[in-house]
Amino acid sequence: MSGARHRETRFLSLYALAWAGSTIAYVPFLTLLLPMQVEALAGGQAVRWLALTTFLGAVVASVANVAFGWISDLAGRRRPFVLAGLTLSSVMLQAAPHASTLAGLIAVIALWQAGLNLMIGPLAAWAGDQVPDRRKGMLGGLLAFAPASGALAGALGTWGGGLGGGLGGGHGSERMFALVGAIVIACVLPIVVLGKDGGADHDEAVSAGSEVARKVIRGMATRMWVARLLVQISEASLFAFFYLWLRSVDPGLGGGAIARILLAAMVIGAVVALFAGRRSDRTGRPVTPLMFGALGAAVGLAIMALSSSRDGAIAGYIVFGVSTSAFLALHSAHTLRVLPDSRRRGRDLGLFNLTNTIPSLTVPALTLALVPSLGFAALFLALAVLAGLAVGLLAGMREAA
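Residues numbered from 1 in each chain as written. Predicted model: local features only at pLDDT ≥ 70, side-chain atom pairs only at ≥ 80, totals over all residues. Heavy atoms only, no water.

Explain the overall build of the protein chain here, please?
Secondary structure summary: the protein chain contains 14 helices and 0 strands in total. Secondary structure elements of the protein chain, listed N to C terminal, follow the sequence α-α-α-α-α-α-α-α-α-α-α-α-α-α. Within the protein chain, buried positions represent 50% of all 401 residues. Sequence separation of at least 24 residues holds for 83% of the intrachain contacts in the protein chain that already meet a minimum separation of 6. Per element, the accessible surface of the protein chain, about 17100 Å² overall, is 67% carbon and sulfur. (Helix = DSSP H or I, 4+ residues; strand = E, 2+ residues; numbered from the N terminus. Buried < 20%, exposed > 50% of the residue type's maximum accessible area, 1.4 Å probe, protein only. Contact = heavy atoms within 4.5 Å. Areas by Shrake-Rupley, 256 points an atom, 1.4 Å probe, with all protein chains shown as cover.)

Laid out in structure tokens, this is it:
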């Protein structure tokens, strides 16, 4: 292995660990620890307060991700921002179980979101600085393991909380927050200490004088943004309502079984993404696996819409979950190839991050418009159409990629 390739592989390993840590930083907190804390403070009003808290948090996250990514562009460094974000988000995470009022908790969440995105925005751009295009498929495959890491951390946090006296708050709850925080620090700190920062060793940017090429790349980036938004709407819908839907198909299906289904789809999707990403590096066709991922999401949703049995419903979700896990990870890596200005990666990736937050604002309205009167089948068919539109958008990029 050449020296340059060895350095790239070393950075990829550090980065994959750090990205898993960034996912662990929010998945257990938003899906388990925060709802527990809100329930303890709000009681019967927990749903309303949780919705308000997550909405305000999403607004802060959207603004902070763009702003801090852009500031790190201007500074030409990523390491100081990642370290500062890791510090602030870790402190706020440990402050959350000590919040004694809902107003105090909302303030903590706002600061936590600011710190988290102070870390994540520059961290996302750091990969674009250091990983050359010929290895971005491999990067995408490694990124796919992050959601599974977040799910595993949530399970570990629950187990740790059980040892500490249950989930209802007190010292057991504080130990759960501390455990998650320690895992995040252990994952992110190595790249802060050992990762190469600053300008990239490679220069694959479009020259400033090539205006035609810039327009082509800008068009590709727009297609990528819209395609991800369409798939993310589907993914966000299933994330929010998967439990209720499966229980409507089979009321006897327990929470543990549903959690195993989710984890299985994430793990299989990560393996598929790793294989597809490495293959796309060899063939030089990075858009093809994205098309298959979006198509798989549409097929899985159609199976779910048409299934009336538990086994059929689970099979449909596995197809959907595997496809979207691979799609989202590989999409994140390929996005780094099509950004129109390599000097503003942090800012532009922040704008791409809006595809993660916008669905959280649209999904409730879409669900309320379809499910009460037409059932989940209508929702899944509508989402399948959106995923199909994403396939069409990506197909137009195939030759350009």
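After that view of the structure, there is still more to cover.
Looking at this structure, I do not really get the nonpolar core. What am I missing?
Nonpolar side chains in soluble globular proteins generally cluster together in the buried interior. Of all hydrophobic cores here, the largest spans 77 residues; its most connected members are Tyr15, Trp19, Phe29, Met119, Leu139, Ile191 and Leu394. Ignoring anything within four residues of it in the chain, the contact list for Tyr15 reads Leu123, Ala124, Trp126, Ala127, Leu139, Leu143 and Ile191. (Core = buried A, V, L, I, M, F, W, Y, C linked by side-chain atoms within 4.5 Å.)

I tried to follow the confidence of the model for the protein chain on my own but got confused; where do I start?
Do not read the predicted coordinates in detail wherever pLDDT is low. Averaged over every residue, the pLDDT of the protein chain is 81; residues scoring 70 or more account for 85%. Looking at the elements of the protein chain, mean pLDDT is at its lowest for helix H7 (residues 145-163), recorded as 65, and at its highest for helix H4 (residues 79-95), recorded as 94. Low confidence marks residues 201-209, where pLDDT is under 50. Its contacts with residues over four positions away, or in another chain, come to 16 contacts. (pLDDT = per-residue confidence, 0-100.)

Any chance you could explain the side chain of His331 here in plain terms?
The topology assignment puts His331 in helix H12 (residues 310-338). Assessed through its relative accessible area of 0%, His331 is described here as buried. From its side chain, His331 meets the backbone oxygen of Met224 in a polar contact 2.8 Å long. Side-chain polar atoms of His331 contact the side chain of Arg228, separated by 3.3 Å. Those residues in contact with His331, other than ones at most four positions away along the chain, are Met224, Arg228, Leu290 and Phe352. (Polar contact = N/O pair within 3.5 Å; in protein donor to acceptor, adjacent residues only side chain to side chain.)

Looking at this structure, I do not really get H4. What am I missing?
Owing to its 3.6 residues per turn, the α-helix aligns residues three or four sequence positions apart on the same side. Helix length check: H4, at 17 residues, gives a terminal C-alpha distance of 24 Å against a target of 24 Å (1.5 Å per residue), a fit within 8%. Listing the buried residues of H4 in full gives Phe81, Val82, Gly85, Leu86, Ser89, Ser90, Met92 and Leu93. For H4, the arc enclosing every buried residue in end-on projection is 165°, short of the 170-degree limit, so these residues lie on one face. (Expected span 1.5 Å × (residues − 1). Arc of directions from axis to C-beta.)

Quick question: what am I supposed to make of the packing of aromatic side chains here?
Aromatic rings considered in pairs are described by the distance between their centres and by the relative angle of their planes. By the definition in use, this model includes 8 aromatic pairs. Look at Phe29 and Trp112: their rings are 4.5 Å apart centre to centre, the planes differ by 75°, and that puts the pair in the edge-to-face class. Of this pair, Phe29 sits in helix H2 (residues 27-42) while Trp112 sits in helix H5 (residues 102-130), and the two are 83 residues apart along the sequence. As far as the burial class goes, Phe29 and Trp112 line up, both buried. Counting every residue linked through ring pairs, the aromatic cluster contains Phe11, Tyr15, Trp19 and Trp126. (Phe/Tyr/Trp six-rings, centres within 6.5 Å; stacked < 30°, edge-to-face > 60°.)

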